[in-house]
Amino acid sequence: MSAVLQAPTLAQAVIGQAHRVKALQAPAHAPEWKQMLEELGFVAGEHVAVLARALPGADPLVVRIGQSTFALRRAEAECVELEGAASGGPSGAAHA
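First, a word on scope: everything that follows refers to the structure included in this document. Treat the numbers as computed from the prediction; the structure is a model and nothing was measured.

What counts and how
Residues numbered from 1 in each chain as written. Predicted model: local features only at pLDDT ≥ 70, side-chain atom pairs only at ≥ 80, totals over all residues. Heavy atoms only, no water. Core = buried A, V, L, I, M, F, W, Y, C linked by side-chain atoms within 4.5 Å. Buried < 20%, exposed > 50% of the residue type's maximum accessible area, 1.4 Å probe, protein only. Helix = DSSP H or I, 4+ residues; strand = E, 2+ residues; numbered from the N terminus. Contact = heavy atoms within 4.5 Å. Pairing = 2+ DSSP bridges. Axes fitted to C-alpha atoms, helices over the stretch in contact; angles between N-to-C directions. Salt bridge = Lys/Arg side-chain N within 4 Å of Asp/Glu carboxyl O.

Moving on: the nonpolar core. Within the largest apolar cluster, 19 residues are counted, with the highest numbers of intra-cluster contacts made by L10, L37, F42, V48, V63 and V80. Those elements that provide at least two residues to this core are β1 (19-24), α1 (32-40), β2 (47-53), β3 (61-65) and β5 (80-82). At three residues, the largest contribution of residues to this core is made by β3. If near-sequence neighbours (up to four positions away) are discounted, V48 is found in contact with L10, Q17, A18, H19, R20, V21, F42, R64, I65 and L82.

Okay, here's the thing in structure tokens:
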């Protein structure tokens, strides 16, 4: 059994918490999502935060990337991997 941990994604982010984009992983059924997200500014190292989630169902999400604000479907937000936990400093390891 593998002990590989999956990176947190934008869809899992706490509202208002600052993060940085680590990488994009488009699903096999929609490989074009990676390019679409990159064109919107979702590139490694960019600051990103979830501002709100729609009710009911928390889909779509309102996200800020750099100085732009977008609505993303939760499935699209799952493609955006985040660096660490971001709440505890550069490595995200301060809070266990």
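Moving on, we get to the sheet that holds β3. Across the sheet, five strands lie side by side as β4-β3-β2-β1-β5; this open sheet has antiparallel pairing. The open sheet has two free edges, formed respectively by β4 (68-72) and β5, since each of these has just one partner strand. Pairs of neighbouring strands in the sheet enclose a mean axial angle of 45°, with direction left out of account. Two strands pair when backbone bridges link them, and β3 and β4 are joined in this way by five bridges, in the antiparallel orientation. Directly across from V62, in β4, lies its bridge partner A71.

Attention now moves to unusual backbone geometry. A cis amide bond, omega -10°, links L55 with the succeeding residue P56. Inspection of the secondary structure puts P56 in the loop between β2 and β3. Backbone torsion omega between D59 and P60 reads 10°, so that peptide bond is classified as cis. Structurally, the position occupied by P60 is in the loop between β2 and β3.

Attention now goes to the pattern of salt bridges. If you walk through the whole model with that rule in mind, you get two salt bridges. Here E38 and K34 are joined by a salt bridge, their closest N and O atoms 3.4 Å apart. Placement of the pair is E38 and K34 together in helix α1, with a separation of four residues, close to one helical turn. E76 is the salt-bridge partner of R73, the closest N and O atoms lying 2.5 Å from each other.

Note that β1 and β2 share two bridges and pair antiparallel. Within the sheet, the bridge partner assigned to H19 lies in β2 and is V48. The pairing of β2 with β3 spans five bridges and is antiparallel. Looking at the pairing, A49 lines up with R64 of β3.

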